[in-house]
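A look at the structure
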Amino acid sequence: MRIKKVFNNNVLLAEKNGREVVLIGKGLASGVMAIYNFMPIGAGVIMGAFWQVFVIFGVHWTFVPLMMNNIAKMGYDPLLPILSAAVLSQAGAALAVFLKSRDQKMKALAGSSFVTALFGITEPTIYGVTLKLKRPFYCAVVGGALGGAIIGAAGTHASSFTLPSLLAVPTFLGHGFMGEVIGLIVAFLGGAILTYFFGFARQQQADHSVVSDQSDNTVMAPVEGTIIPLTSVHDEVFASEAMGKGLAIVPNKGTVTAPVDGTITAVYPTGHAIGITANSGAEILIHIGINTVQLNGQYFETMVKQNQVVKRGDLLTKFDVDKIKTAGYDTTVMVIITNTADYQMVKPTDATEASDNWILELQPKEIMEGAPANV
């Protein structure tokens, strides 16, 4: 009986939340239409910029009855043409990621999602590329707003209901068609150009500025390669974060350099792991590969000694990536803050590639009120 009661309560809660979402969506749809009737450019900016945000929260479906009703009563709908700008701006951002990214997995995903976005399927683009990288999504929002404003000002009409995409262009023939074409071009190029020049460059500049301004609280990449979450590595001890928080890097080069200024506090005889304590107090474990301790030092060459003082960028270890893989071992490098408990936050970078950039930002716990400060 108790299980049945809990189930019924959950159903009622879901129904209540569902009704609230529908009401919010209907309010948005009616509000946008009212804005369009008063100021088409304003509605163009709103729909061009935030349509994909509506998609993420699932309220976009509440616009469908409104658009279909417009077509049934007036013979056209003015909102559908604007939505295509929002879609193509995401496609443009995905294309820019494809052209700019050095991460082969991200490049492949961006290339395929760029094609699907052109034909109206933006979920792979949003969740796999632009929203994941954040800045490209923001750039696409701006591109969509610019294109939507042009289309709204042109007063383009859709003669039938279609999925917003390049395939929908024939339904926009007639009133305001040239404005539609210009708006779509602006949206696509806006998303692409903004992402290409600002979606990556500013992130990298921000990363370097953080390193220079907060060098004591950042950890640089010790190896070059593709960054993956620590929780995704194929080792339960590391993936569970039992040893501390951090991240992992799939290496494309067999050299490990010091990620911080500090002292070497642990050198494993097998060469597969090194411990370093930063001058700031961070205790960092760099573990090369999974179960590579079983290689007994084969394919590893340690370049430092216990208690050696090192600077960022100093060579710590060399290892043969190809031979370790051939021997049947995973070469993923784990970078772990073993004294995680001493920090309020251990924040991984949003970057997908590790090179000459910071990968972890550490926020020390604040000194408790009344406690003596270090002098």
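Residues numbered from 1 in each chain as written. Predicted model: local features only at pLDDT ≥ 70, side-chain atom pairs only at ≥ 80, totals over all residues. Heavy atoms only, no water.

1. Description of the sheet that holds strand E9 (residues 309–310)
Strand order across the open sheet formed by eight strands is E9-E5-E6-E7-E11-E3-E2-E13, with antiparallel pairing between neighbours. Two strands close off the open sheet at either side, each with one partner strand: E9 and strand E13 (353–354). Pairing between strand E2 (residues 225–229) and E13: two bridges, direction antiparallel. What sits directly across from Thr 226, in E13, is Glu 353. (Pairing = 2+ DSSP bridges. Helix = DSSP H or I, 4+ residues; strand = E, 2+ residues; numbered from the N terminus.)

2. Let's talk about the confidence of the model for the protein
Atomic detail in the predicted coordinates should be set aside for any region of low pLDDT. Chain-level pLDDT for the protein is 84 on average; 85% of the residues reach the 70-or-more range. Within the model, the stretch residues 1–18 combines pLDDT values under 50 with zero contacts to residues more than four positions away or in other chains. Note that residues 202–214 has pLDDT below 50 and, in this model, 15 contacts with residues that lie over four places away or in other chains. (pLDDT = per-residue confidence, 0-100. Contact = heavy atoms within 4.5 Å.)

3. With respect to helix H6 (residues 123–133)
Among the residues making up H6, those that are buried are Thr 125, Ile 126, Gly 128, Val 129, Thr 130 and Leu 133. Along its buried surface, H6 packs onto helix H2 (40–57), helix H4 (80–100), helix H5 (104–118) and helix H7 (135–154). Trailing H6 by a residue or two, Lys 134 shows a phi angle of about 70°, which is positive. (Buried < 20%, exposed > 50% of the residue type's maximum accessible area, 1.4 Å probe, protein only.)

4. Quick word on the nonpolar core
In this structure, Val 219, Ile 284, Leu 316, Phe 319, Ile 337, Ile 359 and Leu 360 are the most contacted members of the largest nonpolar core, which totals 35 residues. Elements with a contribution of two residues or more to this core: strand E3 (245–251), strand E6 (273–278), strand E7 (283–290), strand E10 (315–319), helix H11 (321–326), strand E11 (330–337), strand E12 (343–348) and strand E14 (358–364). Beyond its immediate sequence surroundings of up to four residues, Leu 316 is in contact with Val 256, Thr 257, Ala 258, Pro 259, Ile 264, Ile 274, Ile 286, Glu 301, Thr 302, Met 303, Val 304 and Val 310. Phe 54, Ile 151, Ala 158 and Phe 172 belong to the second largest nonpolar core, which has 31 residues in total. (Core = buried A, V, L, I, M, F, W, Y, C linked by side-chain atoms within 4.5 Å.)

5. Focus on the layout of surface pockets
The computed volume of the second largest pocket comes to approximately 390 Å³. For the second largest pocket, the lining is made up of 22 residues, of which Lys 132, Ile 227, Ile 228, Pro 229 and Ala 351 are closest to its centre. Of all the secondary-structure elements, those providing two or more residues to the lining of the second largest pocket are H5, H6, E2, E3 and E12. In terms of residues, the lining of the second largest pocket owes the most to one element, E2, which gives four residues. Considered class by class, the residues forming the lining of the second largest pocket number 11 nonpolar, four polar and seven charged. (1 Å grid on protein atoms, 1.4 Å probe; cavity = no way out; pocket = protein on both sides within 12 Å on 5 of 7 lines; lining within 4 Å. Points joined across faces, edges and corners; volume = space filled by probe spheres on them. Nonpolar A, V, L, I, M, F, W, Y, C, P; charged D, E, K, R; others polar.)

6. With respect to the packing of aromatic side chains
Summed over all chains, the structure comprises six aromatic pairs. Note on Trp 51 and Phe 54: the rings are 6.4 Å apart at their centroids and 85° apart in plane angle, and the pair reads as edge-to-face. A residue pair is termed a helical-turn pair when its members lie 3 or 4 positions apart in one helix, as Trp 51 and Phe 54 do in helix H2 at three residues. Residue Trp 51 is classed as buried on the basis of its relative accessible area of 7%. Residue class for Phe 54 comes out buried when judged on its relative accessible area of 10%. (Phe/Tyr/Trp six-rings, centres within 6.5 Å; stacked < 30°, edge-to-face > 60°.)

7. Section: a nonpolar patch on the surface
A cluster of nonpolar residues, Phe 98, Leu 99, Ile 185, Leu 189, Ile 193, Tyr 196, Phe 197 and Phe 198, forms a patch on the protein surface that exposes about 720 Å² of accessible area. Going through the elements one at a time, H4 and helix H8 (177–199) are the ones with two or more residues in the nonpolar patch. No other element matches H8, which puts six residues into the nonpolar patch. Structurally, Leu 189 can be placed in helix H8. (Patch = residues over 30% accessible without salt bridge, like charges linked within 9 Å, V, L, I, M, F, W, Y side chains within 5 Å. Areas by Shrake-Rupley, 256 points an atom, 1.4 Å probe, with all protein chains shown as cover. Salt bridge = Lys/Arg side-chain N within 4 Å of Asp/Glu carboxyl O.)

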